[in-house]
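# Working through the structure, step by step
Chain residues, written in single-letter form:
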Amino acid sequence: FSLNITADCNAVLKALQPIFQEQGMTETVHNWEDHGYLATYIKKNGSFANLRIHPHGLVLVDLQSFNDHTKGREEVNQLLNKVEERMKELFHGNIKRVKRLPAILRGGVIDRYWPTADGRLVEYDIDEVVYDEDSPFQNIKILHSKQFGNILILSGDVNLAESDLAYTQAIMGSGKEDYTGKEVLILGGGDGGILYEIVKLKPKMVTMVASNIDQMVIDGCKKYMRKTCGDVLDNLKGECYQVLIEDCIPVLKRYAKEGRMFDYVINDLTAVPISTSPEEDSTWEFLRLILDLSMKVLKQDGKYFTQ
C-alpha cells in the first residue's frame with residue numbers, strides 16, 4: 001500500500017492485528033521509533049506473514065504459506081482481501097496505490113522462474129521438462145511452455161524458444177538482405193535457427209561455428225527444437241552449409257590468417273560464453289576480441305549482425 005499521507009504506525013498495527021489473530025497466528029512486534037514497525041505472524045503449520053509499516057506512507061504485507069493446493073490459495077486470498085478492506089476503511093481514500101503480486105512457488109517440481117541477462121525475473125508457463133542433461137561444459141535444458149513452445153536454456157541462460165522466429169529474422173536483417181550466392185559465417189547459433197532460415201535463401205556457403213563447443217546442444221536441439229532448426233542439424237554438412245563444433249576464437253584467427261572473407265558475419269553467441277583462455281575471462285574483452293576478429297574476416301562491403 002502506497003499512501004498519500006504519513007502512516008500512523010500504531011494505528012495501522014492495531015487495525016490489522018485482529019485479521020491475523022483470527023487465523024490463530026502468534027504475533028511479534030518490533031518498533032524502531034522513526035523507522036516504523038515490523039510485525040511477524042506465525043501459524044502452527046509454519047505459514048507466516050510479515051507486516052512492515054514505514055512512517056513515510058508505505059505498508060508492506062508478505063505471506064509465505066506451505067499450502068500449494070487450491071484451498072490454501074483461497075485462504076491466502078481471503079486474508080489479503082480482508083487486509084485490503086481494512087486499510088481502505090482506515091485511510092478513507094488516502095491510498096495512492098495498492099499492488100498485489102502473484103505468489104511465487106518455491107521448490108516446485110518444474111522451475112518456472114528464469115532471470116534475464118539484465119537482472120529481471122521472468123515467470124514462464126512451463127509445464128514440462130523435455131530435456132535436462134549436463135555436458136562436460138554446461139547444463140542443457142529444454143523446457144516446454146504453453147505460450148512459447150520448447151525453450152532452450154544453457155546453464156540458466158534462456159537462449160531461444162520455438163516461437164522466437166522474429167528474433168532470428170531480426171538478426172538476419174529483417175528480410176532486407178539478399179543472401180543469394182553469399183558467403184556467410186554464423187558465430188554460435190547452436191540451436192540451428194539462423195542456419196535453417198539462411199539455407200532457404202540459397203547462399204553459396206554458410207559456415208556455422210557452434211561455439212558452445214558442445215555436441216550435446218546440437219543433439220538436444222535437433223531432437224526437441226525442430227520447429228526452430230528443421231533438419232539442418234541432422235547432418236553437420238549439407239549442399240551449402242557446414243557446422244563446426246569448435247571454439248570460434250581459434251577458428252576466426254585461422255580464417256584471418258588464411259585470408260578467408262565473408263559477405264556476412266552473424267554473431268549469435270550466448271550471453272555467457274564458455275571461456276577457454278584467459279583473454280576471454282572478461283566479458284568486455286571477449287566481446288572486443290570477437291568484434292575485432294570478425295572485422296578481419298569481413299569483406300569491405302560486408303555486413304556484421306549481432307544481438
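For clarity, every value in this text was computed on a predicted model and none was experimentally measured.

Summarising burial for strand S13 (residues 183-188): six of the six residues are buried, a large majority. Pairing geometry for S13 and strand S14 (residues 205-209), over five bridges, is parallel. When the sheet's bridge partners are listed, Leu 187 is paired in S14 with Val 209. Tracing the backbone out of S13, into helix H4 (residues 193-199) and back to the parallel element S14 gives a crossover that is right-handed.

The next thing to look at is the packing of aromatic side chains. By the definition in use, this model includes six aromatic pairs. Ring centres of Tyr 124 and Phe 148 lie 6.0 Å apart, and the angle between their planes is 75°; this geometry places the pair in the edge-to-face category. A residue pair is termed long-range when its members are at least 10 positions apart, and Tyr 124 in the loop between strand S8 (121-123) and strand S9 (126-134) and Phe 148 in the loop between strand S10 (139-145) and strand S11 (149-154) qualify at 24 residues. Taking the relative accessible area as the measure of exposure, Tyr 124 reaches 15% and is therefore buried. Residues Tyr 179 and Tyr 264 carry aromatic rings whose centres are separated by 4.4 Å and whose planes lie at 40° to one another, so their mutual orientation is tilted. In this pair, Tyr 179 sits in the loop between helix H3 (165-171) and S13 while Tyr 264 sits in strand S16 (residues 262-268), placing the two residues 85 residues apart along the sequence.

Time to look at the sheet that holds S13. Overall, parallel pairing links the five strands, which are arranged S15-S14-S13-S16-S17 in an open sheet. On the outer flanks of this sheet lie strand S15 (241-244) and strand S17 (298-306), each paired with one strand and no other. Here the strands of the sheet are splayed against their neighbours by 15° on average, with no regard to which way each runs. Sheet strands in contact with helix H7 (residues 248-258) are S13, S14, S15 and S16, and its direction is about 155° off that of S13. On the sheet, helix H8 (residues 283-296) packs against S13, S16 and S17 and is oriented at approximately 145° with respect to S17.

The subject of this paragraph is the pairing of S16. Among the seven residues in S16, seven count as buried, and that is most of the element. Pairing between S13 and S16: five bridges, direction parallel. Bridge assignment links Gly 188 to a residue of S16, and that residue is Asp 268. With five bridges connecting them, S16 and S17 associate as parallel partners. By the bridge assignment for S17, Ile 266 is matched with Phe 305.

Here we take up the UniProt feature "active site" (unreviewed entry) in the protein. Per the UniProt record, the feature "active site" (unreviewed entry) sits at Asp 268. Summarising the element assignment, Asp 268 is placed in strand S16. Residues contacting Asp 268, with those up to four places away along its chain left out, are Tyr 167, Ile 171, Leu 187, Gly 188, Gly 189, Asp 191, Ile 194 and Gln 307.

Conventions used here
Residues numbered from 1 in each chain as written. Predicted model: local features only at pLDDT ≥ 70, side-chain atom pairs only at ≥ 80, totals over all residues. Heavy atoms only, no water. Buried < 20%, exposed > 50% of the residue type's maximum accessible area, 1.4 Å probe, protein only. Helix = DSSP H or I, 4+ residues; strand = E, 2+ residues; numbered from the N terminus. Pairing = 2+ DSSP bridges. Right-handed = clockwise from strand over helix to strand, strands pointing away. Phe/Tyr/Trp six-rings, centres within 6.5 Å; stacked < 30°, edge-to-face > 60°. Axes fitted to C-alpha atoms, helices over the stretch in contact; angles between N-to-C directions. Contact = heavy atoms within 4.5 Å. UniProt positions renumbered as here; feature names shortened; annotations may be inferred.

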